[in-house]
Amino acid sequence: MVKRLSLDNISKFYALVAAEYTVYSPSQKGGLVSLEPKKYFDRYSLFKFQTIMPPKKVLLENVYDLESNPKEQKLAFFGIHLCDVKAIATMDRIFAKDPFYRAKRDDSLIVATGCQPTESCFCHVFGANKHQGFDLFIQEEHDGMFTVFAKSAKGVELLQKSKGKILMSASYQPIGQNQNEIDLSELTDAVENRRLFEQHWQGIANNCFGCGACTAVCPLCFCFDTIDRTDPEGGNCHRSRTDDACFFANFSKISNHDFRPENVDRLYNWYHHKFVRGPKENGDFLCVGCGRCITACPANLNIIRILSAIDNVFDRATN
Ligand code: SF4
Ligand code: SF4
């Protein structure tokens, strides 16, 4: 189903969604735009630029007691972009058996919208600019009206209740893309071949602070730590889950042995997970080209330049 809605009716449509779901939508907070629970539509709800954090900040929240029963929730993500929608689809596969993830995701609703690419985006490289994976998509038209596409049964049910004209046909505007390109055809082989790029990785690691900012904002970084808290006086024990980062020095330490003792080992592991283990284990790269890691990095490290350089060297070495 497709409908044409005015801005006023989009605002009312938001209220319809909020009557049924806890809605997370881009919101202005402390001078930044972040994904926050919000009951009412405002000018940030269909924000064209990226939120600081992706939806994982809601779907993968820390769990205080892993033995407890997860509470089923009805969450809606309103106004998220297609790269974040694709990241959710990948997380759905990875966390398919995780009851705490499923309790938040199973009844959730995704209302996506278009975006404005920045110089850090490269979502088209991973096909993360395709119109798929959402329940509803809201497209702003040049005349100030909005076209709303419903793709799932729950999306259709909600859109039926909204005021607007049903359209017999409508098409998606292509999502704009910039010039950033990476050749994916040999990327996995190139990243896997650590020996060929030892100096390259070392050079990058020399400039990396190991701060983990890139992992915090990445929609497809989900390292966590489990912590046991015991009660010597016989009370309940708790096993909790808190987010962590493979960039942190103690992340790979087990029984006093550090499997990745140097910063270069941890940096390489991040790329290896995203571009080698990700496609092999999950059928897709653990990157959607959102560019958040570029924006967040205090050392100005740039994943596009790093991957392109590897691609080029690998190409020259093997051809
Ligand atoms: S690795 Fe960087 S560009 Fe890729 S999804 Fe994560 S934050 Fe976005
Ligand atoms: S944000 Fe930059 S400096 Fe910090 S860990 Fe990531 S790559 Fe290194």
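No experiment lies behind these values; they were computed from the predicted model shown.

**Points about the packing of helix 9 (residues 263-282) against helix 11 (residues 303-318)**
Okay, step 1: Two elements in contact, helix 9 and helix 11, have axes whose closest approach is 13 Å; the angle formed by their N-to-C orientations is 75 degrees. In terms of axis orientation, helix 9 runs roughly perpendicular to helix 11. Counted together, Trp270, Tyr271 and Phe275 of helix 9 and Ile303, Ile306 and Leu307 of helix 11 form the full contact between these two elements.
Okay, step 2: The residue inventory of the contact of helix 9 with helix 11, partitioned by class, reads six nonpolar, no polar and no charged.

**Description of the sheet that holds strand 5 (residues 109-113)**
Okay, step 1: Spatial ordering of the open sheet is given by 3-2-4-5-6-7-1-8, a layout of eight strands whose pairing is mixed. Here the strands that pair on one side only, and so sit at the sheet edges, are strand 3 (32-37) and strand 8 (165-166).
Okay, step 2: As defined by bridge partners, strand 4 (residues 75-80) adjoins strand 5 across four bridges and the pair is classed as parallel. Note that in strand 5 the partner of Phe78 across the bridge is Val111.
Okay, step 3: Seen against the sheet, helix 5 (residues 153-160) touches strand 1 (2-5), strand 5, strand 6 (136-140) and strand 7 (146-150) and runs at an angle of roughly 140 degrees to strand 7.

**Points about the site of ligand 1**
Okay, step 1: Around ligand 1, 13 residues are found, and the nearest of them are Cys218, Cys287, Cys290, Gly291 and Cys293.
Okay, step 2: Put simply, ligand 1 lies in the second largest cavity.
Okay, step 3: When contributions to the shell around ligand 1 are tallied by element, the ones reaching two or more residues are helix 9 and helix 10 (292-296).
Okay, step 4: Residues belonging to the shell around ligand 1 are distributed by class as follows: nine nonpolar, two polar and two charged.

**A few points about the domain arrangement of the protein chain**
Okay, step 1: Each assigned domain of the protein chain is listed with its residue range as follows: domain 1 (2-166) and domain 2 (187-318).
Okay, step 2: Computed over C-alpha atoms, the centres of domain 1 and domain 2 are 27 Å apart.
Okay, step 3: Taken together, the two surfaces of domain 1 and domain 2 that pack against each other cover about 2700 Å², and 57% of this comes from carbon and sulfur.
Okay, step 4: Among the residues of domain 1 in contact with domain 2, Tyr64, Phe122 and Phe126 are the three that bury the most area, contributing 22% of the side total.
Okay, step 5: Linking domain 1 with domain 2 are three salt bridges.
Okay, step 6: Notably, a salt bridge pairs Arg241 with Asp98, separated by 2.6 Å at the nearest N-O pair.
Okay, step 7: Taken together, the connections running from domain 1 to domain 2 amount to 17 residue pairs in polar contact (both at pLDDT 80 or more).
Okay, step 8: Of all the elements, helix 3 (residues 82-94) adds the most residues to the side of domain 1 that touches domain 2, at eight residues.
Okay, step 9: Classifying every residue of the side of domain 1 that touches domain 2 gives 18 nonpolar, five polar and seven charged.

Criteria and cut-off values
- Residues numbered from 1 in each chain as written.
- Chains lettered and ligands numbered in written order.
- Predicted model: local features only at pLDDT ≥ 70, side-chain atom pairs only at ≥ 80, totals over all residues.
- Heavy atoms only, no water.
- Axes fitted to C-alpha atoms, helices over the stretch in contact; angles between N-to-C directions.
- Helix = DSSP H or I, 4+ residues; strand = E, 2+ residues; numbered from the N terminus.
- Parallel < 35°, antiparallel > 145°, perpendicular 65-115°, else oblique.
- Contact = heavy atoms within 4.5 Å.
- Nonpolar A, V, L, I, M, F, W, Y, C, P; charged D, E, K, R; others polar.
- Pairing = 2+ DSSP bridges.
- Near = heavy atom within 4 Å.
- 1 Å grid on protein atoms, 1.4 Å probe; cavity = no way out; pocket = protein on both sides within 12 Å on 5 of 7 lines; lining within 4 Å.
- Sits in = over half its atoms within 2 Å of the grid points.
- Domains from an automatic or database assignment.
- Buried area = accessible area lost by both parts, 1.4 Å probe.
- Salt bridge = Lys/Arg side-chain N within 4 Å of Asp/Glu carboxyl O.
- Polar contact = N/O pair within 3.5 Å; in protein donor to acceptor, adjacent residues only side chain to side chain.

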